[in-house]
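One-letter residues, chain by chain:
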Amino acid sequence: MDYLQPASWAEALALRAQRPDAVPVAGGTDVMVGLNFDRHRPAALLDLSRLRELTGWERDGDHVRLGAAEPYTRIVQRLRDPLPALAQASRTVGSPQIRNRGSVGGNLGSASPAGDAHPPLLAAGATVEAASVRGTRLIPAAEFFTGVKANALAPDELIAAVRVPVARGPQRFAKIGTRNAMVIAVCSFAVALDLAGRRVGTGVGSAAPTPRRATAAEEFAAGELEAAGLWDSRGPLPGSLARRFGQLVADAASPVDDVRGTAAYRRHALSVIARRTLTWAWAELRKETSGCGCHAM
Amino acid sequence: MRLSCHVNGERRCADGVRARESLLFVLRERMGLPGSKNACEQGECGSCTVYLDGVPVCACLVPAGQARDRQVVTVEGLGDDGGLDLVQEAFVEAGAVQCGFCTPGFVVAAHDLVRRGYAPTEEEIREALAGNLCRCTGYEKIIDAVKLAASRWWARSG
Ligand SMILES: Cc1cc2nc3c(=O)[nH]c(=O)nc-3n(C[C@H](O)[C@H](O)[C@H](O)COP(=O)(O)OP(=O)(O)OC[C@H]3O[C@@H](n4cnc5c(N)ncnc54)[C@H](O)[C@@H]3O)c2cc1C
Ligand code: FES
Ligand code: FES
């Protein structure tokens, strides 16, 4: 096995094109488990850990451009305000040691249906910046996941960054698991309220072959809020609206029975966390508006 | 390949390192530093926790090549002149060590919390140590040890 250690981004892209048999490695928290257990024997590793281009983040107009290899720990510390759902989800990943190494680029590379970064990226309408020697293209998160642990990257492409719209309203992420740390989601959900666009964004995790949006739930919630004048009045969220939203989110899933939970449990749990996250996000909005600091629900 | 990095303040080299090897393997099998323990090799137990460029990581999940020219500190490197570090001392005094297998990982993870220099709450301690498993102590004495270490760190630096 070869160890390829490019010193520059241009060299990394050239190596990626020349060596399609090389497995990229950023934080290694997925790749190394596979190697340690001899599940994969790739011909080469392509080490991305030395590329400054892949770390850090910058504000680019109404987006944050987040380097693919930036570890979760720094997302939790620095990006809570512009990217609340992604920061909340990052905080639930693994343990401190895993968050110090694991990255959103690696999460997307693995494209597990349970990846915690995925629901927030879907809910926020993020795009994945894929680069190769041929150039750069932007892939909407909703088109990025193509099957179980499969993604839309071409064999010569690397993820350079994700571009995530800066939050234009409250966002929430919730994840069901057996303990508070170190759990792969039984199911997960993110909601993003876009006040300026009068839209509700969603992302469902661990409840279908790929992470996905719950489009019908998004349209329902945005439509009902519009019809009741709530985008403007910011009055209390009707319980019936939140419950129906939860049901529509559950309907968007196509979960399976596995060791972590049954399909029926997942569907039920999703309807509950979808209802709650929407309720919490709306409460946060009302709190901001009234400035009284209480959850007037 | 040849791997050269700084370990516990010294420049160290290892020859014949294979691309698939972890930093943990190199430390234990090639550099004679068996303090960091190998248990799960999948990031679940934390017994292999070391500092890499000042950040606690699971050495079992770091491809060895990523450590090139970087700073690694293992449990062996925490104390001065062969003595125990303040966190290690607190583990001994609080009775936080039984079989001791998990201890090096806990000590490094706890060190990273304690060195921040404030008195952590029990919740903060549990969160900071969520990536470390112990099958003997039931954790209570480990938490006592971290509180003790934090109070001494505070006293020493304040
Ligand atoms: C103990 C433990 C707990 C975990 N808990 C969670 C959890 O709670 N939630 C969760 O979502 N995940 C969890 N994971 C999985 C893992 O930590 C995440 O998927 C993480 O985001 C992977 O990032 P990485 O940088 O370590 O990826 P790596 O292991 O380096 O790479 C992962 C995949 O992505 C590819 N890749 C990496 N970077 C790029 C790039 N820039 N361009 C193209 N391809 C790339 C690699 O080739 C590989 O296929 C856990 C893992 C462990 C070991
Ligand atoms: S051996 Fe590395 S975490 Fe268990
Ligand atoms: S003391 Fe035995 S595993 Fe912790």
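Here the structure is a predicted model, which is why all the values come from computation and not from measurement. (Residues numbered from 1 in each chain as written. Chains lettered and ligands numbered in written order. Predicted model: local features only at pLDDT ≥ 70, side-chain atom pairs only at ≥ 80, totals over all residues. Heavy atoms only, no water.)

## A few points about the overall build of chain A
Inclusion rule: Only DSSP runs of H or I covering at least 4 residues are called helices, and only runs of E covering at least 2 are called strands; the numbering of each starts at the N terminus. Type-normalised accessible area, obtained with a 1.4 Å probe on protein chains alone, sets the label of each residue: buried when under 20%, exposed when over 50%, and partly exposed for intermediate values. Throughout, a residue-residue contact means that at least one pair of heavy atoms, one from each residue, lies within 4.5 Å. By the counting rule applied here, Lys and Arg register as positive and Asp and Glu as negative, while His and the ends of each chain are not counted. In plain terms, the charge of a residue is placed at NZ if it is Lys, CZ if Arg, CG if Asp and CD if Glu.
For chain A, the helix and strand inventory stands at 12 helices and 13 strands. Across the 297 residues that make up chain A, the buried fraction comes to 56%. Here the contacts in chain A between residues at least 6 apart in sequence split such that 62% fall between residues at least 24 apart. Looking at chain A, you have 36 positive and 28 negative side-chain charges, and the mean spots of the two groups are 6 Å apart.

## Describing the site of ligand 1
Note the cut-off: Note on definitions. A residue lies near a molecule or strand when any single heavy atom of the residue is within 4 Å of it. As used in this structure description, the phrase polar contact means that two N or O atoms lie within 3.5 Å; if the pair is within protein, one of them must be able to donate a hydrogen and the other to accept it, and residues adjacent in sequence are counted only when both atoms belong to side chains. Using a 1.4 Å probe, the Shrake-Rupley method yields the accessible areas, and only the shown protein chains count as cover for residues. Note on residue categories: nonpolar means Ala, Val, Leu, Ile, Met, Phe, Trp, Tyr, Cys or Pro, charged means Asp, Glu, Lys or Arg, and polar means any other residue, Gly included.
With respect to spatial proximity, 38 residues lie near ligand 1, and among them P24(A), T29(A), Y72(A), S103(A) and D116(A) are the closest. Ligand 1 sits at the junction of chains A and B, each of which supplies nearby residues. The separation between an oxygen atom of ligand 1 and a polar main-chain atom of P24(A) is 2.6 Å. A distance of 2.8 Å separates an oxygen atom of ligand 1 from a polar backbone atom of G27(A). Calculation on ligand 1 without its partners gives an accessible area of 980 Å², and the protein chains cover 91% of this total. Listing elements by their share of the shell around ligand 1, those giving two or more residues are β2 (22-25), α2 (31-36), α6 (104-110) and β10 (158-165) of chain A. Among the elements that line the shell around ligand 1, the one with the most residues is α6(A), at 5 residues. A per-class count over the shell around ligand 1 returns 18 nonpolar, 15 polar and 5 charged.

## Focus on the domain arrangement of chain A
Here is the rule: An automatic or database domain assignment is the source of the domain bounds shown.
Its domain assignment divides chain A into domain 1 (1-49) and domain 2 (171-287). The gap between the C-alpha centroids of domain 1 of chain A and domain 2 of chain A is 36 Å.

## So, the interface of chain B and chain A
The extent of an interface is frequently quoted as the accessible surface area lost upon association of the parts. As a reminder, the rule being used: As a working definition, buried area equals the accessible area (1.4 Å probe) given up by two parts on being put together, with both sides summed. For this analysis, a salt bridge means a side-chain nitrogen from Lys or Arg found within 4 Å of a carboxyl oxygen belonging to Asp or Glu.
Tallying the contact residues gives 33 residues for chain B and 31 residues for chain A. Summed over both sides, the interface between chain B and chain A buries roughly 2,500 Å², with carbon and sulfur atoms accounting for 50% of that surface. Per-residue buried area on chain B facing chain A is highest for R20(B), L61(B) and Q66(B); these three make up 29% of the total on that side. Taken together, the links from chain B to chain A amount to 2 salt bridges. One salt bridge connects E127(B) with R91(A), and the closest N-O pair in it is separated by 2.8 Å. Viewed at the interface, chain A and chain B are joined by 17 residue pairs in polar contact (both at pLDDT 80 or more). Broken down by secondary-structure element, the contributors of at least two residues to the side of chain B that touches chain A are β3 (49-52), β4 (55-58) and α4 (122-128) of chain B. No other element matches the 4 residues that β4(B) contributes to the side of chain B that touches chain A.

## Things to note about the sheet that holds strand β11 (residues 171-176) of chain A
Residues and elements named next belong to chain A. Worth spelling out the cut-off: Think of it this way: DSSP has to see at least two bridges between two strands before they count as a pair. The convention used is that axes are lines fitted to C-alpha atoms, helices contributing only their stretch in contact, and that angles between N-to-C directions extend from 0 to 180 degrees.
What the 3 strands build is an open sheet, ordered β11-β12-β13; its pairing is antiparallel. Edge strands, defined here as strands with exactly one partner in the open sheet, are β11 and β13 (199-205). Mean inter-strand twist for the sheet, computed between neighbouring axes without regard to direction, equals 10 degrees. Across 7 bridges, strand β12 (residues 187-194) lies against β13 in antiparallel orientation. Of the residues in β13, the one forming a bridge with L193 is V200.

## Section: empty space enclosed by the protein
All names here are of chain A. Inclusion rule: Cavities and pockets were defined on a 1 Å grid built over protein atoms only: a cavity is a set of grid points that admits a 1.4 Å probe from which the probe cannot escape, a pocket is an open set flanked by protein on both sides within 12 Å along at least five of seven lines, and lining residues are those with an atom within 4 Å of any such point. Grid points are joined across faces, edges and corners, and a volume is the space filled by probe spheres set on the points.
Applying the stated rule across the entire model yields 1 cavity of 30 Å³ or more. When its volume is computed, the largest cavity comes out at roughly 40 Å³. Surrounding the largest cavity, L83, A85, L86, P120, L121, A124, V164 and Q171 form its lining. Mapped onto the lining of the largest cavity, the elements with two or more residues apiece are α4 (84-91) and α7 (118-124). In terms of residue count, α7 provides more of the lining of the largest cavity than any other element does, 3 residues in total. Across the lining of the largest cavity, the residue classes break down as 7 nonpolar, 1 polar and no charged.

## Quick look at the packing of helix α3 (residues 103-114) of chain B against helix α5 (residues 140-157) of chain B
Residue and element names in this part refer to chain B. Counted only if it meets this: Just so you know how the angles are binned, under 35 degrees is roughly parallel, over 145 roughly antiparallel, 65 to 115 roughly perpendicular, and the rest oblique. By convention the crossing between two helices is left-handed if the near helix lies anticlockwise of the far one by an angle smaller than a right angle, and right-handed if it lies clockwise.
Contact geometry for α3 and α5: axes closest at 10 Å, N-to-C directions at 40 degrees. What the angle tells us is that α3 and α5 run oblique. For the crossing formed where α3 meets α5, the hand is right-handed. Judged by residue contacts, F106, A110, H111, L113 and V114 of α3 engage I142, V146, A149, A150 and W153 from α5. Looking at the contact of α3 with α5 residue by residue, the classes come out as 9 nonpolar, 1 polar and no charged.

## So, the sheet that holds strand β5 (residues 71-73) of chain B
All names here are of chain B. The 5 strands lie next to each other as β2-β1-β5-β3-β4, forming an open sheet whose pairing is mixed. Of all strands in the sheet, those with a lone pairing partner are β2 (10-14) and β4, marking the two edges. Within the sheet, the average angular offset between the axes of one strand and its neighbour, ignoring direction, is 40 degrees. Pairing analysis gives 2 bridges linking β3 to β5, with the strands arranged antiparallel. For Y51, the partnering residue across the bridge sits in β5 and is V73.

## Thoughts on the layout of surface pockets
In this structure, the second largest pocket occupies an estimated 1,100 Å³ of space. Considering the residues around the second largest pocket, the lining is formed by 38 residues, among which T73(A), P96(A), R99(A), N100(A) and V55(B) are closest to the centre. Of all the secondary structure elements, the ones that give two or more residues to the lining of the second largest pocket are α3 (72-78), α4 and α5 (96-99) of chain A together with β4, α3 and α4 of chain B. With 4 residues, α3(A) is the largest single contributor of residues to the lining of the second largest pocket. Taken together, the residues that form the lining of the second largest pocket break down as 15 nonpolar, 11 polar and 12 charged.

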